[in-house]
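Summary of structural features
Read off the chains here:
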Amino acid sequence: MDAQWIFGFVGGYVAAAVTVFLLYLPFLVLFVVLLLGAGILELMALPFLILFRRSRGRGKPDPSSGGSWLLD
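A brief report on the enclosed structure follows. (Residues numbered from 1 in each chain as written. Predicted model: local features only at pLDDT ≥ 70, side-chain atom pairs only at ≥ 80, totals over all residues. Heavy atoms only, no water.)

Turning next to the overall build of the chain. Counting secondary structure elements, the chain contains one helix and zero strands. Relative to its 72 residues, the chain shows a buried fraction of 1%. On the chain, roughly 6,700 Å² of surface is accessible, and the fraction owed to carbon and sulfur atoms is 76%. (Helix = DSSP H or I, 4+ residues; strand = E, 2+ residues; numbered from the N terminus. Buried < 20%, exposed > 50% of the residue type's maximum accessible area, 1.4 Å probe, protein only. Areas by Shrake-Rupley, 256 points an atom, 1.4 Å probe, with all protein chains shown as cover.)

Moving on to the packing of aromatic side chains. Considering all chains together, one arrives at two aromatic pairs under this definition. Geometrically, the ring pair formed by Trp5 and Phe9 is tilted, given 6.1 Å between the ring centres and 40 degrees between the ring planes. Taken together, the residues Trp5 and Phe9, both in helix H1 (residues 3-55) and four residues apart, mark about one turn of the helix. Taking the relative accessible area as the measure of exposure, Phe9 reaches 43% and is therefore partly exposed. (Phe/Tyr/Trp six-rings, centres within 6.5 Å; stacked < 30°, edge-to-face > 60°.)

Spacing of three or four residues puts side chains on the same side of an α-helix, whose turn is 3.6 residues. Given a rise of 1.5 Å per residue, 53 residues ought to cover 78 Å, and the 74 Å separating the end C-alpha atoms of H1 matches this to within 8%. Of all bends in H1, the biggest is about 45 degrees, found at Leu25, and the proline Pro26 comes one to four residues later. (Expected span 1.5 Å × (residues − 1). Bend = angle between axes of the 7 residues up to and from the residue.)

Functional significance is not addressed by these values, which are geometric in nature.
In structure tokens, the structure reads:
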């Protein structure tokens with residue numbers, strides 16, 4: 001094996017890696033967009049959730065629940 005063979009194999013591996021990355025790029029972009037959308041929706045809903053909890057008298061966690069909001 002000479003240098004041309006090695007460079008050929010390296011080029012093939014790089015081309016395969018780039019191809020696989022480009023193949024899954026739309027799914028990665030969609031995943032990132034969905035994560036950002038969920039975060040924005042959560043930030044938009046946060047004031048309403050706080051207002052709802054305070055209106056029901058749950059502004060502070062009950063000491064008997066260990067400070068957890070999950071047991072309300």
